[in-house]
Amino acid sequence: MPKPSDTLWDLAIAEVEKRENRDDDVKQGEVWEKSILFMGNKNGGKTTIILRCLEREETPKPTLALEYTFGRRARRHNTPKDIAHFWELGGGTSLLELIRIPITSHNIRSFAVVLVLDLSKPNELWTTMENLLQVTRNHVNKILAKLEKTNPEVAAEPKQKMRNNLQRDHPDYELVDPFPIPLVIIGSKYDIFHEFDSEMRKIISKTLRFVSHYYGASLVFTSKSEALLLKARVLINHLAFGYDKSKSVSVDPSKPLFIPAGLDSLSQIGPPPASDSDIGKMRANTPLELWKKVFEKTFPPKSSCDLQDSKDPAQDIQYAEYEVDVMRAQKNQELEQYKRNASKSWKEMDFDSD
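Attention in this report is confined to the structure presented alongside it.

Cut-offs and rules
- Residues numbered from 1 in each chain as written.
- Predicted model: local features only at pLDDT ≥ 70, side-chain atom pairs only at ≥ 80, totals over all residues.
- Heavy atoms only, no water.
- Salt bridge = Lys/Arg side-chain N within 4 Å of Asp/Glu carboxyl O.
- Helix = DSSP H or I, 4+ residues; strand = E, 2+ residues; numbered from the N terminus.
- Buried < 20%, exposed > 50% of the residue type's maximum accessible area, 1.4 Å probe, protein only.
- Phe/Tyr/Trp six-rings, centres within 6.5 Å; stacked < 30°, edge-to-face > 60°.
- Lys NZ or Arg CZ within 6 Å of the ring centre and 35° of its normal.
- Core = buried A, V, L, I, M, F, W, Y, C linked by side-chain atoms within 4.5 Å.
- Contact = heavy atoms within 4.5 Å.
- Expected span 1.5 Å × (residues − 1).
- Pairing = 2+ DSSP bridges.
- Axes fitted to C-alpha atoms, helices over the stretch in contact; angles between N-to-C directions.

**Things to note about the pattern of salt bridges**
Between side chains of opposite charge, a pair can form when the charged atoms approach closely.
1) Next: Inspection of every chain in the model, using the stated rule, returns 10 salt bridges.
2) Next: With its nearest N and O atoms 2.7 Å apart, the salt bridge here joins R209 to D264. Here R209 is found in helix α6 (residues 198–214), whereas its partner D264 is found in the loop between β7 (258–259) and α8 (266–269), with 55 residues between them in sequence. Both residues of the pair, R209 and D264, count as buried.
3) Next: Within the structure, one salt-bridge network assembled from shared partners comprises R52, E57 and E226.

Below you can see the structure in the form of structure tokens.
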């Protein structure tokens, strides 16, 4: 509350200090520490986005499994630098079990997810998104369920923060199902996507708008263009370092989408892109399921097997190490010998038929 004696300068200083104290959980002088897991299509551009966010001029390398790096930023002069932990899951949907490693009960209150979807591969889009988000959501919910038994207030906090992305008077408040922790969905390779037929672009754009809004997520389309990468950085820097949220919105399907969480609506998105007769024939238990069926009618999904990363990293030349490779070859021979011996011994065993 300003005092009558406050000068304009005093009020300006107070306003700046208020803006700099961006998070209620971070007290003056304390270090802001956040964690983000990047996941999505294999070769979808996750590493490139991370490097640009951290302003590193490095050539992106394929992510082997689960990789870690971090960034540090000071909120203002003469203050400790805040820390953002960046985890990247490689292999598309083939290493889902690794998701539980970076997300723990200790960091759940300060964790966020960035899902990078390759817009140039629409037939992989829904399956990749569904598998990754489902496994992540299940793991987060297990953590929150355990926390609820010991600390119900802390357990309720992440979901309440996600609910707060939508105002209570928002017409969709009761119709959406927010992800349990902050989520940003990035549509990568927009330069290739932009060459698609306009009707295909419209279906993909509308679908991702719906999914993002339904999950309470932010949505941005990007490419290797610096201007588009900058928009992705704005959303990620908000998660990582608490920078101000962007209030700008771009929903024109002929342009790259940029929609911060809570700034879209089902009425603006419109119905699923299908005829009323087609929609009437589709059986769906939830709005998400209906959109999935409409989307996959145009873009039949690849099977999960097709999306698995079948290439063995141990055979990749870029990871070659002579001593290790020699030892591995020896172990492979021993394993094959073991299999042959085991096979013989199993055949010779007299099993009781009773």
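**Comments concerning the packing of aromatic side chains**
1) Next: With the rule as written, the count across this model stands at 14 aromatic pairs.
2) Next: Centroid distance Y68 to F70: 6.4 Å. Interplanar angle 25°. Geometry classified as stacked.
3) Next: A relative accessible area of 39% places Y68 in the partly exposed class.
4) Next: Between K34 and the ring centre of W32, over which it is positioned, the NZ or CZ distance is 4.7 Å.
5) Next: A cation over an aromatic ring shows up here: R163 above the ring of Y173, its NZ or CZ 4.9 Å from the ring centre.

**Some points on the nonpolar core**
1) Next: Residues M39, L115, L183, I204 and L208 are the most contacted members of the largest nonpolar core, which totals 50 residues.
2) Next: Looking at this core, the element that brings in the most residues is helix α3 (residues 122–150), giving 9 residues.
3) Next: Apart from the residues within four sequence positions on either side, L115 is in contact with M39, G40, M129, L132, L133, L183, V184, I185 and I186.

**Considerations on helix α10 (residues 287–298)**
1) Next: Over its 12 residues, α10 extends 17 Å from the first C-alpha to the last, a length consistent with the 16 Å expected when each residue adds 1.5 Å.
2) Next: Within the span of α10, buried status applies to L288, L290, W291, V294, F295 and E296.
3) Next: Looking at the buried side of α10, the elements it contacts are α3, α6, α8 and α9 (276–281).

**What about the sheet that holds strand β5 (residues 183–188)?**
1) Next: Pairing within the open sheet is mixed, and its 7 strands lie in the order β2-β3-β1-β4-β5-β6-β7. At either margin of the open sheet sits one strand with a lone partner, and together these are β2 (66–74) and β7.
2) Next: Of the pairings in the sheet, the one linking strand β6 (residues 218–221) to β7 comprises 2 bridges and is antiparallel in character. By the bridge assignment for β7, V220 is matched with F258.
3) Next: Where α3 meets the sheet, it contacts β1 (33–40), β3 (81–89), β4 (111–118) and β5, and its direction lies at approximately 165° from that of β4.

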